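One-letter residues, chain by chain:
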Amino acid sequence: MSERKIHKTQVAIMGAGPAGLMLSHLLFRAGIENTVVEIRSRDSISRTIRAGILEAGSVDLLVDSGVDNVLRNGHEHEGTEFRVNGEGHRIDFKGLTGNSVWLYPQNDVFDDLAAQREADGGDVRYSCSGTQVSDLTGTPKVFFTDADGQDWELRAEILVGADGSRSLCRGAVPAAERTWHFNEYPFAWFGILAEAPRSAPELIYANSAHGFALISQRTDAVQRMYFQCDPATNLAGWTDEQIWEQLRVRVNGNGFELKEGPVIDKVVLPFRSFVHTPMRHGNLFLAGDAAHTVPPTGAKGLNLALHDVKLLFESLDSYFSTGSSALLDTYSDRALDRVWKAQYFSYWMTTLLHTVPTEPNHDFFRARQIGELRSLLESEHGRAYIAECYTGWQGK
Ligand code: DHB
């Protein structure tokens, strides 16, 4: 056992995903010392496939802080298609709200931020083990062993838990001091990456009698697609032909045909809604998946995490530059305002596009759902409402 070393810093950040690295980068630019502790390797985070849609506000946060690859390598999407029983309805984000979204995968956001932190000499410790946190209501401490086997005690004024949906920090908050809000859904998404050209210029959210499907994109040569499945689905049992058959019956028709190719990655995504309140305990502040999970419909997870980070950065900057904790004291309430809007939208978009085939009165629920979709999609106000939520309540 090596002798434990002590390192003091202003802000300790648990987790080097996009939320932790974005915060570290913003703090660095403001001259606020910080150290990031991460249990995973940089390579394994980079290879984790997540959603690919950035709201305009998320793009602004990256670009305004000098991380602007998204403008060169991302694709601006000014609308999307809802396909109901094979009939396409375009939602014109730009025309209805003045805003658009960007297709830019979360892996690329991570890679850009990790490279920027490295270029700026940021203190980011990947591949740590034995992590523990303590003294959350005093001077927070983080204990860990780094990738070289050296033991550390990190002492910070503020600890930020940006350590993802299995957050160690969240678990360190006494049960009497927090509330967990939770909902689980009786379906999941089967997600694939396929080597194929784009099937359409924009994303397609399809509601069909065979279930839900989403046609998304990655590059000119690789596409991302999902279809509704049972949460207990065994990936190994699925051939490429069976996967394409599921996607075809849900999306093809009325002259539209998916472009197919070899499936190069498969995953089952569970559907959960979760919120930990409040997002602060003493000098611990939670951000991103550590505090909340949304079901994937609408791609709000990363956007919500980046919004938390924006608010938390402004609060920390004010605290360290003026000594006033006024903004830190309202961080949780301000972050939760948007968290619940996004929870609501992800839940609602999920119920708009999925049904549970085995539930009693399924015929009623499906016909009612088509009624809801038609009344929304045939109304400019309905389409504008979807567009406003999807693009991220800009200016609110
Ligand atoms: C993607 C994922 C989503 O959940 C979504 O709503 C849109 C796009 C994606 O992975 O590209």
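Position numbers for residues start from 1 in each chain and track the written sequence from start to end. Only residues with pLDDT of at least 70 get local features here, since the model is predicted, and only at 80 or more are side-chain atom pairs given and counted; chain-wide, interface and lining totals rely on the full set of residues. To obtain the side-chain values, all non-hydrogen atoms of the structure were included, while hydrogens and water were left out.

Looking at an unreviewed UniProt entry, the protein carries the name 4-hydroxybenzoate 3-monooxygenase, with the source organism given as Sinomonas terricola.

Participant: Can you walk me through the overall build of the protein in this structure?
Facilitator: The number of helices and strands found in the protein is twelve helices and 19 strands. Taken against the 2.2 N^0.38 rule, which gives 21 Å for 396 residues, the C-alpha radius of gyration of the protein at 22 Å falls within 12% of a compact globule. Expressed along its principal axes, the backbone C-alpha trace of the protein runs to roughly 65 × 45 × 40 Å. By residue count, 53% of the 396 residues in the protein fall in the buried class. Contact criterion: two residues are considered in contact whenever any of their non-hydrogen atoms come within 4.5 Å of each other. Long-range pairs, those at least 24 residues apart, make up 72% of the contacts in the protein with a sequence separation of at least 6. Taken as a whole, the protein presents about 16700 Å² of accessible surface, with 49% of it coming from carbon and sulfur. Strands are runs of DSSP state E lasting at least two residues, helices are runs of H or I lasting at least four, and both sets are numbered from the N terminus onward. What the globule rule says is 2.2 Å times the number of residues to the power 0.38, and the radius of gyration is computed from C-alpha atoms. The rule is simple: take the accessible area with a 1.4 Å probe, protein chains only, and divide by the maximum for that residue type; under 20% is buried, over 50% is exposed, in between is partly exposed. Only the protein chains shown count as cover for residues, with accessible areas throughout obtained via the Shrake-Rupley method and a probe of 1.4 Å.

Participant: Would you mind showing me how to read the site of the ligand here?
Facilitator: Near the ligand lie 14 residues; those nearest to it are Tyr-205, Ser-216, Arg-218, Tyr-226 and Pro-296. Between N or O atoms, a polar contact is any pair within 3.5 Å; within protein, one atom must be a potential hydrogen donor and the other a potential acceptor, and residues adjacent in sequence are included only when both atoms are from side chains. Between the ligand and Tyr-226 there is a distance of 2.6 Å, counted from an oxygen atom to a side-chain nitrogen or oxygen. Bound to the protein, the ligand loses 99% of the 290 Å² it would expose on its own. Each of domain 1 (5-52 + 105-178 + 278-350) and domain 2 (184-271 + 358-391) accounts for three or more of the residues forming the shell around the ligand. Throughout, near means a residue has at least one heavy atom within 4 Å of the molecule or strand. Note that the domain bounds reflect an automated or database-derived domain assignment.

Participant: Teacher, can you tell me more about helix H3 (residues 56-64) here?
Facilitator: In an α-helix, one turn spans 3.6 residues; hence positions three or four apart end up facing the same way. Those residues of H3 that fall on the buried side of the exposure criterion are Ala-56, Ser-58, Val-59, Leu-61 and Leu-62. Downstream of H3 by one or two residues, Gly-66 has phi in the positive range, about 90°.

Participant: I tried to follow the domain arrangement of the protein on my own but got confused; where do I start?
Facilitator: When the parts come together, some accessible area is lost, and that loss is often what is quoted as the size of the interface. Parsing the protein into structural domains produces domain 1 (5-52 + 105-178 + 278-350) and domain 2 (184-271 + 358-391). For domain 1 and domain 2, the distance between their C-alpha centroids amounts to 31 Å. Facing the 16 residues of domain 1 at the interface are 18 residues of domain 2. Joining two parts hides part of their accessible area as seen by a 1.4 Å probe, and the buried area is that hidden amount summed over both. Among the residues domain 1 hides against domain 2, the three largest losses belong to Ile-49, Pro-296 and Trp-348. Together they make up 35% of the total. A side-chain nitrogen of Lys or Arg and a carboxyl oxygen of Asp or Glu constitute a salt bridge if their distance falls within 4 Å. Scanning the region where domain 1 abuts domain 2 turns up zero salt bridges. Linking domain 1 to domain 2 there are five residue pairs in polar contact (both at pLDDT 80 or more).

Participant: For this particular structure, what's the right way to read the sheet that holds strand E7 (residues 101-103)?
Facilitator: The pairing of strands in a sheet happens through backbone hydrogen bonds and is either parallel or antiparallel. As summarised here, the arrangement of the three strands in space is E3-E7-E4, forming an open sheet in which the pairing is antiparallel. On the outer flanks of this sheet lie strand E3 (53-55) and strand E4 (75-77), each paired with one strand and no other. Neighbour-to-neighbour, the strand axes of this sheet turn through a mean angle of 35°, independent of strand direction. When DSSP finds two or more bridges between a pair of strands, those strands are recorded as paired. Interaxial angles span 0 to 180 degrees and are taken between N-to-C directions of axes, which are lines fitted to C-alpha atoms, for helices over the stretch in contact.

Participant: Would you take a moment to explain unusual backbone geometry for this structure?
Facilitator: Of the consecutive residues Thr-277 and Pro-278, the connecting peptide bond is found in the cis state with omega at -15°. One can find Pro-278 in the loop between strand E16 (263-277) and strand E17 (280-281). The phi torsion at Asp-135 lies on the positive side, around 55°, for a residue other than glycine. The backbone of Asn-254 sits at a positive phi, close to 50°, despite the residue not being glycine. Considering the arrangement of structural elements, one finds Asn-254 in the loop between helix H8 (240-251) and E16.

Participant: Would you take a moment to explain helix H12 (residues 380-391) for this structure?
Facilitator: The terminal C-alpha atoms of H12 lie 16 Å apart, and with twelve residues this matches the ideal 16 Å at 1.5 Å per residue to within 8%. For H12, the complete set of buried residues consists of Gly-382, Ile-386, Ala-387, Cys-389, Tyr-390 and Thr-391. Its side-chain oxygen 3.1 Å from the backbone nitrogen of His-381, Ser-379 forms the N-cap of H12. Expected span of a helix, by definition, is 1.5 Å for each gap between consecutive residues, and there is one gap fewer than residues.

Participant: Is there a simple way to explain the packing of aromatic side chains in this structure?
Facilitator: The relative placement of two aromatic rings is captured by the distance of their centres and the angle of their planes. Pairing of aromatic side chains here covers Phe, Tyr and the six-membered ring of Trp, requires ring centres within 6.5 Å, and sorts the geometry by plane angle: under 30 degrees stacked, over 60 edge-to-face, intermediate tilted. Summed over the entire model, instances satisfying the criterion amount to 23 aromatic pairs. Plain terms: the ring middles of Phe-187 and Phe-271 are 5.4 Å apart, the flat faces sit at 70° to each other, and that makes the pair edge-to-face. Of this pair, Phe-187 sits in strand E12 (residues 179-195) while Phe-271 sits in strand E16, and the two are 84 residues apart along the sequence. Among the residues examined, Phe-187 registers a relative accessible area of 7% and is labelled buried.

Participant: Could you clarify how one ought to interpret the sheet that holds strand E14 (residues 211-215) in this entry?
Facilitator: Spatially, E6-E5-E13-E14-E15-E12-E16-E19 is the arrangement adopted by the eight strands of the open sheet, whose pairing is mixed. Of all the strands in the sheet, just strand E6 (87-91) and strand E19 (292-293) have a single pairing partner and so form its edges. As paired strands, E14 and strand E15 (residues 222-229) are joined by three bridges and run antiparallel to one another. Its bridge partner being in E15, Ile-215 is matched across the sheet by Met-225.

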